[in-house]
Amino acid sequence: MRLIYLCRSFDSRDTGVDKKISAQVQCLVDHGVDASICSFSVDSVVQQHANKRVKHVPIPITKQSPGIIGKVKREHQIDRALEKLILKLKAQDILYLRNPYPFPGISKILRQPRACKIVIEYQAIEPSEYRLKGKYWYLLIDFLFGNAIRKYTDAIVGVTDEITRYEVSRSGDHEKPHVTIGNGFDVASVPIRQLPAYNGDLHLLCVANVNRWHGLDRLFQGLA
């Protein structure tokens, strides 16, 4: 079995998301799975990494248009690259997608016959997140095409039980294979912290317009 973790603009030196992806793939490798990372990059310069398990696929966008038009052009190019990748995969292969944008192209691709299995990982209940961020365009296309994306994927992964249940329900098939895998990181990549010497004084600074969700009451209880 071969598993390809598909993501966007992967940079193994950069964000917590990229570190999580690296840890997931490495864990699969440690358990005997032939796993690798495939990154669709829209950057003008594709970075090279020492990790041989990371493959960058440049997306040929000659000029980035602003606003919605630019996003549509970018998604169209990404969908074309995704189709080419799927055609190369065999029945024993798994393509693992990280929460693709609900554009009509990905919905069309998932409906088409394919040899490989496709698994999608979700990190949020999208409509709630789109409303909070004011992304009403995404809210509309998720309403139009989101259910089909969930229906035609082979399995679903959620980072919380609530998210998993929500995504499976939108697929229309409560028997669809699914699992919850919480967010985390490779603990072996972080050295054990050495506690500094304590001289009896403790100085704390909170930079915020204090609200109950900041949890200062929990901080005080913990100190006690």
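Computed from a predicted structure; not experimentally measured.

Asker: Account for the side chain of Asp-79, with residues named and values stated.
Answerer: One can find Asp-79 in helix 2 (residues 67-88). Residue Asp-79 is classed as buried on the basis of its relative accessible area of 12%. When residues no more than four places from it in sequence are discounted, the contact partners of Asp-79 are Gly-105, Ile-106 and Ile-109.

Asker: Describe the sheet that holds strand 3 (residues 54-58), and please don't skip the residues or the numbers.
Answerer: If you walk across this open sheet you meet the 7 strands as 3-2-1-4-5-6-7, and the pairing is parallel. Each having just a single partner strand, strand 3 and strand 7 (178-180) make up the two edges of the open sheet. The mean inter-strand angle of the sheet, taken between neighbouring strand axes irrespective of direction, is 20 degrees. Pairing between strand 4 (residues 93-98) and strand 5 (residues 117-122): 5 bridges, direction parallel. Across the sheet, Tyr-96 pairs through a bridge with Val-119, a residue of strand 5.

Asker: Explain the environment of Val-33 residue by residue, including any values.
Answerer: Mapped onto the fold, Val-33 is located in the loop between helix 1 (16-30) and strand 2 (34-41). Take Val-33: its relative accessible area is 16%, and that puts it in the buried class. Considered as a pair, Val-33 and Arg-2 are 31 residues apart in the sequence and their alpha carbons are 6.6 Å apart. What Val-33 contacts, discounting residues up to four positions off in sequence, is Met-1, Leu-3 and Leu-28.

Asker: Could you give an account of the nonpolar core, with specific residues and numbers?
Answerer: Of all hydrophobic cores here, the largest spans 26 residues; its most connected members are Leu-6, Phe-40, Leu-82, Leu-95, Leu-97 and Ile-118. Those elements that place two or more of their residues in this core are strand 1 (2-8), strand 2, helix 2, strand 4, helix 3 (104-111), strand 5 and helix 6 (161-171). Considering each element in turn, this core owes the most residues, 5 residues, to helix 2. Setting aside chain neighbours within four positions, we find Leu-6 in contact with Cys-38, Phe-40, Leu-82, Leu-85, Leu-95, Tyr-96, Leu-97 and Arg-98. Counting 15 residues, the second largest nonpolar core, distinct from the first, contains Leu-3, Ile-21, Ile-37 and Tyr-96.

Asker: Which residues make up the state of the cysteines, and what values do they have?
Answerer: Taken as a whole and assessed by the stated rule, the structure comprises 0 disulfides. Here Cys-38 stays unpaired: no disulfide links it, and the sulfur of Cys-7, its closest cysteine neighbor, is 7.8 Å away. Residue classification places Cys-38 among the buried residues on the basis of a relative accessible area of 5%. Of the cysteine sulfurs around Cys-116, a residue in no disulfide, the closest is that of Cys-38, at 12 Å. The exposure class of Cys-116 is buried, given its relative accessible area of 2%.

Asker: Can you lay out the packing of aromatic side chains for me, pointing to particular residues and giving the numbers?
Answerer: On inspection of all chains with the given rule, the structure shows 4 aromatic pairs. Taken together, a centroid distance of 4.8 Å and an interplanar angle of 35 degrees make the contact between Tyr-5 and Tyr-96 tilted. Taken together, the residues Tyr-5 in strand 1 and Tyr-96 in strand 4 connect sequence positions 91 residues apart. Among the residues examined, Tyr-96 registers a relative accessible area of 9% and is labelled buried. The interplanar angle of 75 degrees and the centroid separation of 6.4 Å between the aromatic rings of Phe-103 and Tyr-138 together place this pair among those described as edge-to-face. With Phe-103 in the loop between strand 4 and helix 3 and Tyr-138 in helix 5 (residues 136-152), the pair connects residues that are 35 residues apart, well separated along the chain.

Asker: Mind laying out the confidence of the model for the protein, listing which residues take part and the relevant values?
Answerer: Residue-level pLDDT values for the protein average 85, and 90% of them are 70 or greater. When mean pLDDT is compared element by element in the protein, strand 7 scores highest at 97, while strand 3 scores lowest at 82.

Asker: Mind laying out the packing of helix 2 against helix 3, listing which residues take part and the relevant values?
Answerer: In a pair of packed helices, the angle between the axes and the distance between the axes together describe the arrangement. Two elements in contact, helix 2 and helix 3, have axes whose closest approach is 10 Å; the angle formed by their N-to-C orientations is 15 degrees. With respect to helix 3, the axis of helix 2 lies roughly parallel. Crossing angle aside, the handedness with which helix 2 passes helix 3 is right-handed. Here Asp-79, Leu-82, Glu-83 and Ile-86 of helix 2 lie close against helix 3, whose contacting residues are Gly-105, Ile-106 and Ile-109.

About the thresholds
Residues numbered from 1 in each chain as written. Predicted model: local features only at pLDDT ≥ 70, side-chain atom pairs only at ≥ 80, totals over all residues. Heavy atoms only, no water. Helix = DSSP H or I, 4+ residues; strand = E, 2+ residues; numbered from the N terminus. Buried < 20%, exposed > 50% of the residue type's maximum accessible area, 1.4 Å probe, protein only. Contact = heavy atoms within 4.5 Å. Pairing = 2+ DSSP bridges. Axes fitted to C-alpha atoms, helices over the stretch in contact; angles between N-to-C directions. Core = buried A, V, L, I, M, F, W, Y, C linked by side-chain atoms within 4.5 Å. Disulfide = S-S within 2.5 Å. Phe/Tyr/Trp six-rings, centres within 6.5 Å; stacked < 30°, edge-to-face > 60°. pLDDT = per-residue confidence, 0-100. Parallel < 35°, antiparallel > 145°, perpendicular 65-115°, else oblique. Left-handed = near helix turned anticlockwise from the far one by under 90°.

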